[in-house]
Amino acid sequence: MARRPAWPARLLLALVAAVTLTLAAFRPLEGDDAYVVDNLRSAGWRRHLFAFDYDAPSADYVSWWAGEVFQRRFVRVPSSALLWCQWKLFGLEAAPYHLVTLGLVAASCLVVHALARRYLPPLPAFVVALVPAVHPASAEVVGALNTQPVAVAGLFAVIGAADWERMRRTGSRLSYARALGFAFLAMISYEAAVVLPLALLLADAVAARSWRGLAEPRRLGLLALLAPYTWLALAVRRGLYAPESGPLRPLDEVWTSARLDATAYVIKTFGIFDPRSAKTYLVHRVAGEPWAIVLALLLLVGVLLAVRRSRVGWLGLAVFALLLLAPWLTRATVSKLNFSTFRQLYLPVLLGGPLVLAACWDGEPARARRLARGCAAVALVALAVQAFLMGRLQIGVIAQRRLAAALPRILATIPAGDTIVTVGDSMCRESPSLFVPNASLYAVPVTADDEAPLLTVVDAHTLVARVARGVLDIPVRVQLPARSADDERGPDWNVVRPPPLVEAGTQRIPGATVSLEQRSDRGVEALRYRFDRPLAELSFLRLHDCDPPERIIVATP
C-alpha cells in the first residue's frame, strides 16, 4: 500500500500551532525586552551579537535607586544575530518578532513530525508532533521577544537530532557533521541546551540497546562539544564584579526551592496553572504544599504506568528530566533571578514530550494502550485550550495591552530629540524606550506610597526633587531576600543594598549627577539633579504602574 503523503498532516500541524499560539503573538514588548532592544539599537557589533548582556542598574530597566546590582552574560550568539536582523526589519513593532518565534515553534513541530513518521503510522506521528504546538510553554516562548532564543535552540536541537538519526541509519558523514553543528548551535543559542549532547548520547544508547561503545569516536564527538561551549561560557563571564549567579544559597533555601520547583514543574507540565498569572504556584497557593506534592506524585505515577513497557517512553522521560535539570538546579542553588517559569519547560516538552506520548502506541496490553491514547488525546486538547487562554487571560497581559494602546497618544507629545526622564519606575513591566526611539532615563524615585516629589527648577541644568511628606523609596540599609507567602515563588536571591548616593552623598547616573539635598533618620527626603542636557531638552513623564503615564511640564528658566 502506498504511503500517505505527509504534506496534509504538516499543513494541519502548522495550522494548529498558528491557531493555538496566535493570541500570544500579539503581545506588546515588555520587561526584559527593554535591555535587549537597547543592545540591538546600539552602534557596536558586540552588543548586537551579545544582545542579552546586561548590567544593572541601567537607564531604563532597573532603576539606580532600586539597590540591585547584577550582571547578566550569555553566549546566545545565533539568537542575538537573528534578533538583530529582525530589528533592522521591524524596529519597535512587537508582533513580527513574536510571529517569527511562532514560525520557529511550528518549524520544530514539522521536524519532529518528519522524524516520527519514520517509526510511527501517520496518525500517531501527527499526534506526537502536536505536543510542542499545543503546550502552554510554547505560548510563553512566543509571547516575548526575550524568549525567542529558547525557540531558536529548540529548532537547532530537533534538526540536530534528526541528522543524528539519519547518520545512524545511513552512515552519512555529512549527516554526522550536520548533527554536531546543529547541536552546537543549539547550545550557544540558549544555555539550557548545554545538555543536548548527553541527551543524544542517551538516545543513541537506547536505540542501540547497549551502552557498549561509549568511547566510539562519533559519540566522543558529541561529548567534545562541551569543551568549546564551556570555554565560551567562561570567557563571556570573565571580569564580572556582580554576576547574576552567586555563591551557593543557604542549604535550607536550596532544599525549599528544589522541592517547590520540582513539584511546580511537574504540575505545570500537565497544564495545571493559573492562566491569569502563570508564574505563580497555583496548587501550592490554593491547597498547600503537601497536596501539591501528592498531585505531582500521582501525575508521575500515571505517566510511569503508561510508559512502563516502552523503552521509547522511558527515554522520553529521561530526556525530559535531563533538559529540565540545568534550569532546576541553577534556580535552586546559585541563580539570583531565575524563576520557575513555563519557558524552562519548552525544550523538555519539545524533545522529551513526543517520545513519552509515542509510548501510547508502543506496549502491551491493547486495553491499556487504548486507555493511554484516550488520556493523551484529552490532555492534548486541555493543553491547547490552556495555551490559547494563556495569550489572552493573563492579568499583566491585559493591562499591558491597554497601556500599549494609550501610550502612542501620550508619547506623541514628546519632541523627537528630547530625553524622556521618568518620575517613578513602575510602568506595568514596560519602558518608554520600547515604544519610541527617544532615550529614556529612570531618574526620579517616588515614595513607597507612590507619591511623586515636587520638582523645583534651580537653573538650566539643575532641579530639586522633594517630597511633601514621607521619604523617597530609596533603601538606606541592606535588605535580605524573603520568600513571598502569597505565591511561594521564592525570592529574587539578590540582596538589596543602599545605592552609593546614601553613603557618598552623590552618585553618577546615566545622563545626570544626583546628590543628597535633604535626609532625616527616616530616609531621603530630597535630591538634587544636575542633568547633562538642558532641562529644555528633557521631557518628564510620571509613571503610574499600569495606568497611562502623565506628562509633567517643568518650567525652565
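In the block above lies the structure referred to throughout.
Quick notes on the rules
- Throughout this document, residue positions are counted from 1 along each chain, in the order its sequence is written.
- Predicted model: local features are reported for residues with pLDDT of at least 70 only, side-chain atom pairs are reported and counted for 80 or more only, and whole-chain, interface and lining totals are derived from all residues.
- Side-chain descriptors were evaluated using all non-hydrogen atoms of the structure, hydrogens and water having been removed beforehand.
- Being paired, for any two strands, means DSSP has found at least two bridges between them.
- Helix and strand assignments follow DSSP, with helices taken as H or I runs no shorter than four residues and strands as E runs no shorter than two, numbered in order from the N terminus.
- To get an axis, fit a line to the C-alpha atoms, keeping to the stretch in contact for a helix; angles then go from 0 to 180 degrees between the N-to-C directions.
- For this classification, under 35 degrees means roughly parallel, over 145 means roughly antiparallel, 65 to 115 means roughly perpendicular, and everything else is oblique.
- With the far helix as reference, a near helix turned anticlockwise by less than a right angle produces a left-handed crossing, and one turned clockwise produces a right-handed crossing.
- Any two residues having at least one pair of non-hydrogen atoms within 4.5 Å are treated as being in contact.
- Throughout, exposure labels follow a simple rule: accessible area from a 1.4 Å probe, protein chains only, divided by the maximum for the residue type, with under 20% read as buried, over 50% as exposed, and the rest as partly exposed.
- N or O atoms closer than or at 3.5 Å make up a polar contact, with two conditions inside protein: a donor-capable atom paired with an acceptor-capable one, and, for residues adjacent in sequence, both atoms drawn from side chains.
- We call a set of buried Ala, Val, Leu, Ile, Met, Phe, Trp, Tyr and Cys residues a nonpolar core when their side-chain atoms join them within 4.5 Å.
- Only residues whose relative accessible area exceeds 30% and that form no salt bridge are eligible for patches; like-charged ones are grouped when within 9 Å, while nonpolar side chains (Val, Leu, Ile, Met, Phe, Trp, Tyr) are grouped when within 5 Å.
- Throughout, the Shrake-Rupley method with a 1.4 Å probe supplies accessible areas, and for residues the shown protein chains are the sole cover considered.
- Salt bridges are defined as contacts in which a side-chain nitrogen from Lys or Arg sits within 4 Å of a carboxyl oxygen from Asp or Glu.
- Ring geometry is summarised as follows: Phe, Tyr and Trp rings, the Trp one being its six-membered ring, pair when their centres sit within 6.5 Å, and such pairs are stacked at plane angles under 30 degrees, edge-to-face over 60 and tilted between the two.
- Put simply, a charge is over a ring when the Lys NZ or the Arg CZ is close to the ring centre, within 6 Å, and near the line of the ring normal, within 35 degrees.
- The span expected for a helix works out to 1.5 Å for each residue beyond the first.

Peer 1: Quick rundown of the pairing of strand β11 (residues 547-552)? Include the residues and the values.
Peer 2: Two faces make up the sheet, and in a regular strand the side chains alternate between them. Two elements, strand β10 (residues 538-544) and β11, share four bridges in a ladder whose sense is antiparallel. Counted as the bridge partner of H544 is D547 from β11. In this antiparallel pair of consecutive strands, β10 and β11, the connection spans two residues, and D545 shows a positive phi of 55°.

Peer 1: An account of the packing of helix α8 (residues 148-170) against helix α17 (residues 343-351) is requested, with residue identities and associated values reported.
Peer 2: Contact geometry for α8 and α17: axes closest at 10 Å, N-to-C directions at 15°. Judged by the inter-axis angle, α8 sits roughly parallel to α17. Where α8 crosses over α17, the two elements pack in a sense that is right-handed. Contact with α8, carried on its side by V150, A151, A153, G154, A157 and V158, involves R343, Y346, L347, L350 and L351 of α17 and no other residues of that element.

Peer 1: Please provide a residue-by-residue account of the pairing of strand β5 (residues 454-457), values included.
Peer 2: Here β5 pairs with strand β6 (residues 462-466) via four bridges, running antiparallel. Each residue of the ladder has a partner; that of L455, found in β6, is A465. Between β5 and the antiparallel strand that follows it, β6, lie four residues.

Peer 1: Tell me about the side chain of E244, residues and numbers included.
Peer 2: If you trace the backbone, E244 turns up in the loop between α12 (226-236) and α13 (251-269). For E244, a relative accessible area of 14% gives the class buried. Side chain to side chain, E244 and R72 meet in a polar contact 3.0 Å long.

Peer 1: Quick rundown of the nonpolar core? Include the residues and the values.
Peer 2: Judged by nonpolar contacts, the single largest core of 86 residues is most densely connected at L345, Y346 and L351. With 13 residues, the top contributor of residues to this core is α8. Residue contacts for Y346: discarding those within four places in its chain leaves V105, S108, A137, S138, V141, V150, A151 and G154. W65, V446, A512 and Y529 belong to the second largest nonpolar core, which has 41 residues in total.

Peer 1: Residues and numbers for the sheet that holds strand β7 (residues 506-509), please.
Peer 2: Ordered in space as β5-β6-β9-β8-β7, the five strands form an open sheet in which the pairing is antiparallel. The open sheet is flanked by β5 and β7, the only strands paired with a single partner. Neighbour-to-neighbour, the strand axes of this sheet turn through a mean angle of 25°, independent of strand direction.

Peer 1: I'd like a description of a nonpolar patch on the surface, backed by residues and values.
Peer 2: Taken together, the side chains of L12, L15 and V19 make up a nonpolar region of the molecular surface, amounting to roughly 280 Å² of accessible area. Within the secondary structure, V19 sits in helix α1 (residues 7-25).

Peer 1: Give a detailed account of the sheet that holds strand β3 (residues 419-423), specifying residues and quantitative values.
Peer 2: The four strands lie next to each other as β4-β3-β10-β11, forming an open sheet whose pairing is mixed. Because the sheet does not close on itself, it has two edges, and the strands there are β4 (440-444) and β11. On average, adjacent strands in this sheet sit at an angle of 35° to one another, irrespective of strand direction. With four bridges connecting them, β3 and β4 associate as parallel partners. Residue pairing in the sheet places V423 in a bridge with V444 of β4.

Peer 1: Report on the packing of aromatic side chains, specifying residues and quantitative values.
Peer 2: Within the structure shown, the criterion is met by eleven aromatic pairs. Relative to W65, the ring of W64 lies with its centre 5.6 Å away and its plane at 85°, an arrangement referred to as edge-to-face. W65 carries the same exposure label as W64, and that label is buried. Centre to centre, the rings of F90 and Y97 are 5.7 Å apart; their planes meet at 85°, and the pair counts as edge-to-face. Judged by relative accessible area, which is 26%, F90 ranks as partly exposed. In textbook terms, an aromatic cluster arises when at least three aromatic residues are bridged by ring pairs, as seen for Y35, Y54, Y61 and F70. The ring centre of Y176 lies 5.6 Å from the NZ or CZ of R218, which sits over that ring.

Peer 1: Account for the environment of C109, naming residues and giving values.
Peer 2: Take C109: it is sitting in helix α5 (residues 94-116). Residue classification places C109 among the buried positions, given a relative accessible area of 1%. Each C-alpha atom, one on C109 and one on R10, is 8.7 Å from the other, the two residues being 99 residues apart in sequence. The residues contacting C109, other than those within four sequence positions of it, are L13, A129, P132 and A133.

Peer 1: I'd love a proper account of the environment of A504, names of residues and values included.
Peer 2: Secondary-structure assignment places A504 in helix α21 (residues 500-504). Separated by eleven residues in sequence, A504 and S515 have C-alpha atoms that sit 8.8 Å apart.

Peer 1: Now, about helix α9 (residues 173-187): what can you tell me, with residues and values included?
Peer 2: An ideal rise of 1.5 Å per residue puts 21 Å on 15 residues; α9 measures up with 21 Å between its terminal C-alpha atoms. Taken residue by residue, α9 has S175, Y176, A179, L180, F182, A183, F184, A186 and M187 as its buried positions. On its buried face, α9 sits against α8, α10 (196-208), α11 (217-224) and α12. By the N-cap criterion, in which a side-chain oxygen at the helix start approaches the backbone nitrogen of a residue two or three places on, α9 is capped by S172, the distance to L174 being 3.3 Å.

Spatial relationships are all this shows, so hold off on functional conclusions.
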